[in-house]
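Listed below are the residues making up each chain.
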Protein chains: 2
Amino acid sequence: MNPYWSKRLQHIVPYVPGEQPKDGAYIKLNTNENPYPPSPAVLAAITAAAGTQLRLYPEPECDALRGAIAEYYGLAPQQIFVGNGSDEVLAMAFLAFFSPEDRIAFPAISYSFYPVYADLFAIPYDAVPLREDYTLNVHAFDGAYKGIIFANPNAPTGMALPLVQVESLVAEHPEKLVIVDEAYVDFGAESAAGLVARYPNLLVVQTFSKSRSLAGLRIGFALGQASLIQALDAVKNSFNSYTVDRLAQAGAIAAIKDCTYFEQTRNRIMETRERTADGLKALGFTVLPSKANFVFASHPQRSAAALFTALRQRKILVRYFDKPGIDQFLRITIGTDDEMEALLGALQEILQN
Amino acid sequence: MNPYWSKRLQHIVPYVPGEQPKDGAYIKLNTNENPYPPSPAVLAAITAAAGTQLRLYPEPECDALRGAIAEYYGLAPQQIFVGNGSDEVLAMAFLAFFSPEDRIAFPAISYSFYPVYADLFAIPYDAVPLREDYTLNVHAFDGAYKGIIFANPNAPTGMALPLVQVESLVAEHPEKLVIVDEAYVDFGAESAAGLVARYPNLLVVQTFSKSRSLAGLRIGFALGQASLIQALDAVKNSFNSYTVDRLAQAGAIAAIKDCTYFEQTRNRIMETRERTADGLKALGFTVLPSKANFVFASHPQRSAAALFTALRQRKILVRYFDKPGIDQFLRITIGTDDEMEALLGALQEILQN
């Protein structure tokens, strides 16, 4: 190792984001982006903000954006934290709530960034197994943990935990901080946002990257009681006071206010998801029940790695994780109807060979 | 303290950014923003990028932007790291290069974010004193430090360290990583960028916020040999893989390519700075020799805190730090000629009372 590197880098295996091909020739179903563009109101707001005022720092506290999010969820602005994508919000939450003296837990099959954050900040953790059917057993979190984090719907399975189970977990463990990562919740799962007012140990994290078509703009947020938000603010102001730029704040405000567009596009994606799942099943795939903008599918006779490669050769990108327990699955983002028909056609062709 | 907060928050006093008033009635000389708007080419590039592609993640490695910065400085893209403002670049550098087992040093009077980063990541540090004339004695860094960080020009003094002294520091301490924070270097100081190819222990950090009028867009960068950049990449991909959004990347590329606009505006600011310094001296102020887009000024007969308040009452915002050694100074950002005339007029009026 380079002598100038920090010792903490010895123990880190960084997260590997999905491939972002530079040529536009691919049907891109690999990073759970939204196939529909952002609301026209978002583009108008950004264009309006792209003026001389860019010479000035953004609002450090994102007051207007926090107000808009608070209004949408029926919460107070003091219960909202905004960051540069939900990955940043999660990273700051690990710093704000967990330290090397603590132990935390998350599912062994889940968003693969969680163990990376924990390693970076030297936070001990247990990766608890899912059940054989890939459902989450909330009693796996019964141990002496300072914190629990899980994605709902889970990634990469797409499977959602019913809200009643989320609430029982939060209610039964008042000594634990529970972080529910709801990056995909808008595609049919039940959000825990409505529980925030009642539970001081609940933090809900969401993003504008998926259901609001703004992966390119980088906005994530957390909902929690004011004392939790204060901890996130303290971390932010010890790391980077101005994380969300002027254009992102302006665009995000427009996005959360355009409810009609949001409902239309997410409904369309959910409909396409159900049709895609049916099509995959007709081709012999096992498809986990998804409440996300992707499906997780496995074919009993074909290696997922081989299918991934064959699709890639046909210029269709999906995501394959070479990890125990999920290495026979493909994670397939829901695109437009045309894109999903192209995927199903390509798979049919590959399976016939 | 809230029971859910991490223990590390017990020891943190977050950075306090300069006031960002929401009403536009102030002459704003308090956060070292550029008085001139960004280049028209920047606004055009942002408008062009504010389209349907915002649904897609940005280039995680910022390849095109790194290429443009590399070309500007005569370096290779592998020697460039880009982040969400230079504050984020600095925070990631603290994580990448220093750990709780190390000890680092920085000047006691300098950018007040350095001790905050160190506290957040539990990195022991010494804050070494400046000389009585506010110059930096590089031999103050002779101790057994793993890392050294200083701003050049220094903040809030504005005073620059000659490049020959920066080089001797880097050359004489090959065992130490030296971070030179050049946020203000474009306003007349000598950059260490040209030393990067020769010294594996040098990291130069710069920003688009000041000399390129883009505080509102959040882009900072680091220049260093590839092995240092790899460490920053490892941290970034363990914290937030997509820190710089699509619009920021597009705007920054246009900014660094518009050399003519950059030269015009920075030269104008340097000329205004010299006139402002002369005007302040004529009013009896002591003005430290500045190579930044601000001056640091003290009046022998008046309390700086009182001057700050009197200016604020006249709707002119400057920065006052209630800290030992500098609590008799005002830090005054260089605005337009008209703004600086208004400042000098207001000070003359205040001093006559």
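Just so we're clear, the structure is a prediction, and the values are computed from it rather than from any experiment.

**As for the relation of the copies chain A and chain B**
Copy one and copy two of the chain differ by a rotation about a common axis and a shift along it.
Move 1: Once chain A has been moved 0.0 Å along the axis and rotated by 180 degrees, it coincides with chain B to within an RMSD of 0.0 Å. Both chain copies can therefore be described as sitting about a two-fold axis. Within chain A, threonine 47 of chain A has its C-alpha nearest the rotation axis, a separation of 2.9 Å.
Move 2: When you check the interface residues of chain A against chain B, 100% turn up at the interface there too, and the contact is symmetric in its surfaces.

**What to know about the pairing of strand β2 (residues 80–83) of chain A**
Residues and elements named next belong to chain A.
Move 1: Here β2 shows a buried face lined by Ile80 and Val82 and a second buried face lined by Phe81 and Gly83.
Move 2: The pairing of β2 with strand β8 (residues 220–224) spans four bridges and is classified as antiparallel. Bridge pairing in β8 places isoleucine 80 opposite leucine 223.

**Focus on the nonpolar core**
Soluble globular proteins: nonpolar side chains tend toward being buried together.
Move 1: Of all hydrophobic cores here, the largest spans 118 residues; its most connected members are Ile69, Phe150 and Leu223 of chain A together with Ile69, Phe150 and Leu223 of chain B.
Move 2: Leave out the neighbours within four places in its chain, and isoleucine 69 of chain A touches Ile80, Val82, Phe208, Phe221, Leu223 and Ile256 of chain A.
Move 3: Counting 82 residues, the second-largest nonpolar core is a separate cluster that includes Ile179 of chain A together with Phe97, Tyr111 and Val116 of chain B.

**Observations concerning unusual backbone geometry**
Move 1: The linkage connecting asparagine 152 of chain B with the following residue, proline 153 of chain B, adopts the cis geometry, with an omega of 0 degrees.
Move 2: The topology assignment puts proline 153 of chain B in the loop between β5 (147–151) and α5 (163–172).
Move 3: In this chain, alanine 155 of chain B is followed by proline 156 of chain B through a cis amide linkage whose omega measures 0 degrees.
Move 4: Take proline 156 of chain B: it is sitting in the loop between β5 and α5.
Move 5: A positive phi angle is found at serine 213 of chain A, which is not glycine, with a value near 60 degrees.
Move 6: The topology assignment puts serine 213 of chain A in the loop between β7 (202–207) and β8.
Move 7: Given the relative accessible area of 1%, serine 213 of chain A is considered buried.
Move 8: Phi is positive for alanine 122 of chain B, close to 55 degrees, though the residue is something other than glycine.

**Describing the pattern of salt bridges**
Where side chains of opposite charge bring their charged atoms close, a pairing between them can arise.
Move 1: If you walk through the whole model with that rule in mind, you get 22 salt bridges over all chains.
Move 2: The salt bridge involving glutamate 263 of chain A is made with arginine 266 of chain A; its shortest N-O contact spans 2.9 Å. Placement of the pair is glutamate 263 of chain A and arginine 266 of chain A together in helix α8 (residues 259–282), with a separation of three residues, close to one helical turn.
Move 3: You can call glutamate 263 of chain A partly exposed: its relative accessible area is 30%.
Move 4: For arginine 103 of chain B, the salt bridge is made with aspartate 126 of chain B, and the minimal N-O distance between the two is 2.6 Å. You can see arginine 103 of chain B sitting in the loop between α3 (86–97) and β3 (104–107) and its partner aspartate 126 of chain B sitting in strand β4 (residues 125–128), a full 23 residues away along the chain.
Move 5: Given a relative accessible area of 27%, aspartate 126 of chain B falls into the partly exposed group.

**Overview of the pairing of strand β12 (residues 329–333) of chain A**
Looking along a regular strand, one sees the side chains alternate between the two faces of the sheet.
Residue and element names in this part refer to chain A.
Move 1: Taking burial as the measure, the five residues of β12 include five buried ones, the bulk of the element.
Move 2: In the sheet, strand β10 (residues 294–298) pairs with β12 via five bridges, with the strands oriented antiparallel. Following the sheet pairing, valine 295 is matched in β12 by isoleucine 332.

**Notes on the interface of chain A and chain B**
Move 1: Across the contact, 88 residues belong to chain A and 88 residues belong to chain B.
Move 2: Of the roughly 7000 Å² buried where chain A meets chain B, counting both sides, 60% is carbon and sulfur surface.
Move 3: The interface formed by chain A and chain B contains 46 residue pairs in polar contact (both at pLDDT 80 or more).
Move 4: Listed by contribution, the elements that provide at least two residues to the side of chain A that touches chain B are α1 (40–49), α3 (86–97), α4 (114–120), α6 (226–236) and α7 (246–257) of chain A.
Move 5: Here the residues of the side of chain A that touches chain B sort into 48 nonpolar, 22 polar and 18 charged.

**Details of the sheet that holds β8 of chain A**
Residues and elements named next belong to chain A.
Move 1: Read across the sheet, seven strands follow the order β2-β8-β7-β6-β5-β3-β4 without closing on themselves; strand pairing throughout is mixed. Strands with a single pairing partner mark the edges of an open sheet, and in this sheet they are β2 and β4 (125–128). Here the average twist between neighbouring strands, direction ignored, is 20 degrees.
Move 2: Running over the sheet, helix α2 (residues 63–73) touches β2, β7 and β8 and is turned about 130 degrees from β2.

**Describing α8 of chain A**
Residues and elements named next belong to chain A.
Move 1: Spanning 24 residues, α8 covers 35 Å between terminal C-alpha atoms, matching the ideal 34 Å at 1.5 Å per step.
Move 2: For α8, the set of buried residues is Tyr261, Phe262, Thr265, Arg266, Ile269, Met270, Thr272, Arg273, Thr276, Ala277, Gly279 and Leu280.
Move 3: In the stretch just after α8, glycine 284 is the one whose phi turns positive, near 95 degrees.

**Quick look at the packing of aromatic side chains**
Move 1: This structure, assessed with the given rule, holds 41 aromatic pairs over all chains.
Move 2: Ring centres of phenylalanine 94 of chain A and tyrosine 117 of chain A lie 5.1 Å apart, and the angle between their planes is 50 degrees; on these two criteria the pair is classed as tilted. Residue phenylalanine 94 of chain A is located in helix α3, and its partner tyrosine 117 of chain A is located in helix α4; the two are separated by 23 residues in the primary sequence.
Move 3: On the numbers, 4.5 Å between centres and 5 degrees between planes, the contact of phenylalanine 296 of chain B with phenylalanine 329 of chain B is stacked. Of this pair, phenylalanine 296 of chain B sits in strand β10 (residues 294–298) while phenylalanine 329 of chain B sits in strand β12 (residues 329–333), and the two are 33 residues apart along the sequence.
Move 4: Accessibility expressed as a relative area gives 0% for phenylalanine 296 of chain B, which makes it buried.

**Digging into helix α10 (residues 337–352) of chain A**
Residues and elements named next belong to chain A.
Move 1: In a regular helix each residue adds 1.5 Å, so 16 residues correspond to 22 Å; α10 covers 23 Å between its end C-alpha atoms and thus fits that length.
Move 2: Listing the buried residues of α10 in full gives Met340, Leu343, Leu344, Ala346, Leu347, Ile350 and Leu351. Projected onto a plane normal to the axis of α10, the buried residues spread over an arc of 165 degrees and lie on a single side. Seen from the open side of α10, the exposed residues pointing more than 90 degrees away from its buried face are Asp338, Glu341 and Gln352.
Move 3: Contacts made by the buried residues of α10 are with α8, α9 (304–313), β11 (316–317) and β12.

Rules and cut-offs
Here the residue numbers are simple positions, counted from 1 along each chain's written sequence. Think of it this way: whatever chain is written first is A, whatever ligand is written first is 1, and the rest follow in order. Note on the predicted model: pLDDT of at least 70 is required for a residue's local features to be given, and 80 or more for side-chain atom pairs to be given and counted; whole-chain, interface and lining totals, by contrast, use all residues. Derived side-chain values reflect all non-hydrogen atoms in the structure, with water molecules and hydrogen atoms excluded from consideration. Our superposition of the copies is a least-squares fit, built on the C-alpha atoms of residues whose pLDDT is at least 70 in both. Contact criterion: two residues are considered in contact whenever any of their non-hydrogen atoms come within 4.5 Å of each other. Buried means the residue's accessible area, taken with a 1.4 Å probe over protein chains only, is under 20% of the maximum for its type, while exposed means over 50%, and partly exposed covers the values in between. Per the convention used, a helix needs a DSSP run of H or I reaching at least four residues, while a strand needs a run of E reaching at least two, with both numbered from the N terminus. Strand pairing follows a simple DSSP-based rule, namely that at least 2 bridges must link the two strands. Put simply, a nonpolar core is a bunch of buried Ala, Val, Leu, Ile, Met, Phe, Trp, Tyr and Cys residues held in one set by side-chain atoms that sit within 4.5 Å of each other. Here, a salt bridge means any side-chain nitrogen of Lys or Arg that lies within 4 Å of a carboxyl oxygen of Asp or Glu. Buried area: the sum, over both parts, of the accessible surface (1.4 Å probe) that disappears when the two are put together. Any pair of N or O atoms that falls within 3.5 Å is considered a polar contact. Within protein, one atom must be able to donate a hydrogen and the other to accept it, and sequence-neighbouring residues count only if both atoms are side-chain atoms. Residues are grouped as follows: nonpolar covers Ala, Val, Leu, Ile, Met, Phe, Trp, Tyr, Cys and Pro; charged covers Asp, Glu, Lys and Arg; every other residue, Gly included, is treated as polar. Lines fitted to C-alpha atoms define the axes, with helix axes restricted to the stretch in contact, and inter-axis angles between N-to-C directions lie between 0 and 180 degrees. Given a helix with a known number of residues, its expected span is that number minus one, times 1.5 Å. In summary, the pairing rule links any two rings of Phe, Tyr or Trp, Trp by its six-membered ring, whose centres are within 6.5 Å, and it sorts them by plane angle into stacked for under 30 degrees, edge-to-face for over 60 and tilted for everything else. Directions are taken from the helix axis to each C-beta atom, and the arc is the one they span.

All quantities given are derived from atomic positions and should not be read as evidence of function.
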